[in-house]
Amino acid sequence: MTTVITRIGELIQKFADNSALSKASVQATIVYEILYLLEQENFFPKDLLEQLRKQCSHRITNTKTARVLFDALHLKLTGRTYYKKKKVRSPINPVAEKWYRRISGAEARIFEYVTHSDTITQEDRLAIFLFSAAANGGLCHAPGLNSLLRTVIEKAIDDSQAVLTQAGAERYFRLKYSASGHPVNIKNDDERYSTNVFYPPPQTTAALIGLLRNSHTKNYKTDNATARIKDFLAEILNDRELKKITNQRLTDALSLLFFRREGGRVPVFIQHYAAGRANNASTFDECLLSLNTRHCLTKRTRPVTKKDGKILNKRDLQTTSDALLYEIADIYKRFVGRDDESALIENALIQLRDQSQFSAKAAKPMLSWFIWKFQAGKWTCGASGKRTLSCLGKVWLYLTENIGAEGLEGLDQTDCSLLYTKLRAFESGADSTFPSTLRHFWLYMHNHLGFEIPEQLADFVSGTKFVRCAIPSSHQIRQLLIDVPDAYSHSTQHVIETVTAMTLLMARLGLRPDEAINLEVSDIDLRGDGLVFIRPNEHFNLKTYSAQRTLPLMLFLMPDEEEFMRYYCRRRQLETTERTNALLFSEYELADTFISYDTLSANITRLLSDYLNVHTNTYQLRHYALTTCQLICCASSERAQQLTGYSAEQIEAIRSYFNGANHDDVLSEIAEFAGHLNTETSTSTYFHLTDLLRFEAAMSGSEKYDVSFITKLTSLQGGRLRRLTQKNGATGMLDNKSLMAVLDDVFKTERTHWVKCLRPQNSPTKSKVPTFNTNTKRSAEYVEKILHMHDHGVSNNELADVYNLDICWINEVIQAAYFYRDAPRFQTGENKPRLYSEKASSGLTIAMPATNIQKLESVDILQRLKELQGVTSNRAAKAANIILEKTTNNRTYIRLDSRAELRKITRGLDGVVLPDRWLLKINVKQRKEPEDSEKLNYWRTALPAGATIKIIKSKDANESRYGKAHLSYRDSTLSEKRTAFLKTRGVEDGSSRAMLSALHKYMIFIRAEEAYLKLLKSS
């Protein structure tokens, strides 16, 4: 403890001696260096915070600076500050109240002006339109109003382009702007900006129609929306002081006008959103189209399949991507001296990036950076790229190859800051240019790929954070639960069910990928409505202290999804009864082997991107889940049912979970559900339909509109408007809903191109919502689980219930297992089972290989056996019987009596066992030529090309002409250390029981299936 505190004290002293104490990047650097030190030492005593506070106080003379540093540390470790307390702001802004009172009569004056004027100038129409967008529609911030003005002016200049977009029922403006505090959701090489949706309410839409139907405006300025509003209000209210009001005070007053509309139901956070103080990123047009039209699939792409497969000096580092580094270096070297060297290298790098599957996710951003360097002309020869590759490549891939389930895209700013500190720790073992190279690389990833910027680099970048805002729709989530299993069609049923259950929890409960992957069986409680405990365990630590939470398991699932989840969790509980800390999601059900998240993530990303025609990564499932929570809690019941797919009863149940969902603090409830430190993270990053809630709030007002006022405002003929009013069943004054219906008919009958209607391409307008399949097929993979649990006292009835299998088939599996244990042909000369050890001979559990990798290999062999049909299946069964009749439990090889047996085995298992996995050892008493060559030639004719054959000198060998042959399945998973150890014992090749265990399961299945089918036929 003393050593760690002393080293922390030295870091704080280093900070105290720095002349740039006030710089945020300097403070961030020292904070993350301390956090990295604590993480390395795994040092978190109870009095840690007090020790840190004392070190800051004693070593930093400036009290304010010491408190700022300790507050930063305290915030990272606990989620709250120690010294600086959050100020409680008054809910009433006196200045805004003052100006609200002065403009509160504006709507009445506008009604009088429009109704009694013979003509309305185009400038006044434009000002009325902008004022209505703010006061009636809730667009109360200058950047948004300027963007709205720009959209209308551009329509006036180019009459051929549409001003509104329609993706479903409502029309909207797609606003494009850049503003401080507004998250960026579009980023390219040239610019970064926000695109947000604004749904105009009826009065604003009516003002727009009048604006578009009249002559063009004379003032084409597009950055003076607030100035136009102020000038118009000053004139109509006869209050010249309004011209002098600041933009911020005007928009605050307009937001109060929107918030306090008669009969309106506007939540407080919507008022803040309207005023531009609580911003988030709207989703894309393609996502809105999907949400509103049930459009699901645009194209099909191939599934992604799994690929086989504290030193400070970079030369000593070993990564799984070393081959990639050598290949890049070879590209730089290959084209040296060519006239078109730069173009050749660029094309070769692009080909490598597009055609390779990288074991480390961070390899692709690095390769993209190299390509960009050549494209931008910053590098003109291979030497520049070679130096950078040598400087950064090995260290980068070493530290990022196991960065986490979600990869770099899932890292927030805190994670990136800590990773940056770890990278800088290698500075002493890297080149002198390493710090600057790393900085330039990260700035590229931030500007071009959207990754978060470390706090240490805050001084090198400007602008607000980038937010990924593509979200799928509810029916696409249902489709995903069908297509993800299809991508794993060649895997075991257990893996298929596992990836389905993982996808389900990430999409419905918004679990982070790391949280889902590391769930243990003990974290699930199936009693009642079920609970999921997100907590640290021996497999991982939580992202933040607020990430520890308890979530309802079944509340957010559809009825058939709940049935499947209960079935899956019950099965896992039975399979792991004897193992503590057993993983819920494991690639092999009877051992803890992590599911390959890289493969799952690649498939989910591929499918979601296909559905939406917009790149949508796996982490957007969390965005979908939290946006769904926002809709359920804040939208109308009809809207929530339409967009979430939940029934009215389930929506009410979820609202009850969030304490009724009709209170202003519901956002805190959602943030707690998500495991966020504060509501700002949820609202700014994960909510993507707040603009729709603002529109619902605008439509909730109780305003009534006179037909004559709407006639003047829209410049429509009075007779036409009255006919449309009568057609929609409205009489007298029009409310918001009736007026919107009338205006819908106006848009349908106008010849002018005002609205761009989006429609699904290459797909019907409506897609069927797929049914959720939980049926279980009889399969060889269930043999091992049935026998394992039978030996542990689980009844056949319970097995049938848990696995959804016929109890008669389970009985036949058990009887077949008895046959392969007790039949004379499968017993030794001492009447002991060949396939079971003496200790296990009283049970039926199949002997599996020792390591998890070999167990997974056995599962893969079984999968290949399951795919055999007809003649090939019969051949494989005969080969398997030969092997099982000749093996014993204490060895991994079989003794062959003849070359014919070897030929039957290798031909029968052709396509099941790779040729290079066969190992044939010929045991002889004496090594001598030419007899050895004759023996090799004799046996080699029965082996497939690529198999290994060796002659071994052995005392136990007989005097047979062709030696004593031992056939085994090679172990290709031996580590270098294990291989070296075996060589010291005179063994050059290791053998594995992976094939034997797979064949054992397969033959039990074949025998049980034959007996079961006969039973069905006889009954």
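Everything below is about the structure printed above this text.
Keep in mind the model is a prediction, meaning the values are calculated, not measured.

K.L.:
Quick one: what's the story with the overall build of the protein chain, residue by residue and with numbers?
P.N.:
Of the regular secondary structure elements, the protein chain holds 42 helices and twelve strands. Split by element, the accessible area of the protein chain, about 46,200 Å² in all, is 48% carbon and sulfur.

K.L.:
Would you mind going over the environment of Arg512 in detail, with residue names and values included?
P.N.:
With respect to the helices and strands, Arg512 occurs in the loop between helix H21 (493-508) and helix H22 (513-517). The exposure class assigned to Arg512 is buried, which follows from its relative accessible area of 6%.

K.L.:
Tell me what's going on with helix H4 (residues 63-78), and back it up with residues and numbers.
P.N.:
With 16 residues, H4 ought to run about 22 Å at 1.5 Å a step, and its terminal C-alpha atoms sit 22 Å apart, in line with that. Among all positions in H4, only Thr65, Ala66, Leu69, Phe70, Asp71, Leu73, His74 and Thr78 are buried. Looking at where H4 begins, the residue whose side-chain oxygen comes 3.0 Å from the main-chain nitrogen of Lys64 is Asn62. Backbone geometry just downstream of H4 places Gly79 in the positive-phi region, at approximately 90°.

K.L.:
Pulling in residues and values, what's your account of the sheet that holds strand E7 (residues 549-552)?
P.N.:
Spatially, three strands are ordered E5-E6-E7 in an open sheet, and the strand pairing comes out antiparallel. Two strands lie at the open edges of the sheet, namely strand E5 (524-525) and E7, each paired on one side alone. The pairing of E5 with strand E6 (residues 531-534) spans two bridges and is classified as antiparallel. The residue bridging Ile524 from the neighbouring strand is Val532, located in E6.

K.L.:
So what's going on with the nonpolar core? Residues and values would help.
P.N.:
In terms of nonpolar packing, the biggest core is built from 244 residues, with Phe129, Leu865, Leu909 and Leu920 touching the most fellow members. If one sorts the elements of this core by residue count, helix H42 (residues 994-1018) sits on top with twelve residues. Those residues within four positions of Leu865 in sequence are excluded, and the remaining contacts are Ala876, Leu909, Val912, Ala998, Leu999 and Tyr1002. Judged by nonpolar contacts, the second largest core, of 42 residues, contains Ala362, Phe441, Leu443 and Met445.

K.L.:
So what's going on with the sheet that holds strand E3 (residues 186-187)? Residues and values would help.
P.N.:
Reading across from one edge, E3-E4-E2-E1-E8 is the order of the five strands in this open sheet, with mixed pairing throughout. Taken across any chain shown, the strands that pair with only one partner, and hence form the sheet edges, are E3 and strand E8 (755-757). Pairing of strand E1 (residues 164-166) with E8 involves three bridges; the strand directions are parallel. Bridging across to E8, Thr165 finds its partner in Lys756. Each of E1, strand E2 (171-177) and strand E4 (192-198) touches helix H13 (residues 285-293); the most contacted strand, E2, lies at about 160° to it. Relative to E2, helix H33 (residues 736-749) is tilted by about 80°, and along the sheet it contacts E1, E2 and E8.

K.L.:
Pulling in residues and values, what's your account of helix H10 (residues 225-236)?
P.N.:
End to end, H10 covers 17 Å across twelve residues, agreeing with the expected 16 Å (1.5 Å per residue, within 8%). Along H10, the residues that are buried comprise Ala225, Thr226, Arg228, Ile229, Lys230, Phe232, Leu233, Ala234 and Ile236. Of the surrounding secondary structure, the elements contacted by the buried residues of H10 are helix H5 (94-103), helix H6 (106-116), helix H7 (122-135), helix H8 (142-157) and helix H11 (247-259). After H10 finishes, the residue Asn238 shows a positive phi value of roughly 55°.

K.L.:
Give me the lowdown on the side chain of Glu812, citing residues and values where you can.
P.N.:
As for its position among the elements, Glu812 is in helix H36 (residues 807-822). Aside from chain neighbours lying at most four places away, what touches Glu812 is Ala1008, Ala1011, Tyr1012 and Leu1015.

K.L.:
An account of the packing of aromatic side chains is requested, with residue identities and associated values reported.
P.N.:
The tally for this structure, following the rule as stated, stands at 37 aromatic pairs. Judged by centre distance (6.1 Å) and plane angle (70°), the ring pair of Phe70 and Tyr83 falls under edge-to-face. Linking Phe70 in helix H4 with Tyr83 in the loop between H4 and H5, this pair joins segments that are 13 residues apart in sequence. Take Phe70: its relative accessible area is 2%, and that puts it in the buried class.

K.L.:
I'd like a description of a positive patch on the surface, backed by residues and values.
P.N.:
On the surface, Arg875, Lys878, Lys904 and Arg907 cluster together to form a positively charged patch. Contributions of two or more residues to the positive patch are made by helix H38 (870-886) and helix H39 (899-908). The residue Arg875 is located in helix H38 in this model.

What counts as what
The residue numbers shown here count from 1 along each chain, following its written sequence. Under the rules for a predicted model, residues below a pLDDT of 70 receive no local features and side-chain atom pairs below 80 are neither given nor counted, while totals for whole chains, interfaces and linings still include all residues. Water and hydrogen atoms were dropped before computing side-chain values, which therefore reflect all heavy atoms in the structure. Segments assigned H or I by DSSP are reported as helices when at least four residues long, segments assigned E as strands when at least two residues long, and all are numbered from the N terminus. Areas reported here follow the Shrake-Rupley algorithm with a probe of radius 1.4 Å; residue values treat only the protein chains shown as occluding. In this scheme, a residue with accessible area under 20% of its type's maximum is buried, one over 50% is exposed, and one in between is partly exposed, where area comes from a 1.4 Å probe on protein chains only. A helix is expected to reach a length of 1.5 Å times the quantity of its residues less one. N or O atoms within 3.5 Å of each other form a polar contact, as long as, within protein, one can give a hydrogen and the other can take it, and as long as residues adjacent in sequence are counted only when both atoms are side-chain atoms. By the convention used here, strands pair only if DSSP detects at least 2 bridges between them. Residue types Ala, Val, Leu, Ile, Met, Phe, Trp, Tyr and Cys, when buried and joined through side-chain atoms within 4.5 Å, form a set referred to as a nonpolar core. We call two residues in contact when some of their heavy atoms are within 4.5 Å. Here, axes are lines fitted to C-alpha atoms. For helices the fit covers the stretch in contact, and angles between N-to-C directions go from 0 to 180 degrees. Aromatic rings from Phe, Tyr and Trp, with only the six-membered ring used for Trp, were paired whenever their centres fell within 6.5 Å, and each pair was classed as stacked if the ring planes differed by under 30 degrees, edge-to-face if by over 60, and tilted otherwise. Patch building starts from residues that exceed 30% relative accessible area and form no salt bridge, then joins like charges within 9 Å and nonpolar side chains (Val, Leu, Ile, Met, Phe, Trp, Tyr) within 5 Å. Should a side-chain nitrogen of Lys or Arg be within 4 Å of a carboxyl oxygen of Asp or Glu, the pair is scored as a salt bridge. Think of it this way: Lys and Arg go in the positive column, Asp and Glu in the negative one, and His and the chain ends go nowhere. Charged groups are reduced to one reference atom each: NZ for lysine, CZ for arginine, CG for aspartic acid, CD for glutamic acid.

As far as function goes, none of this settles anything; it's purely spatial.
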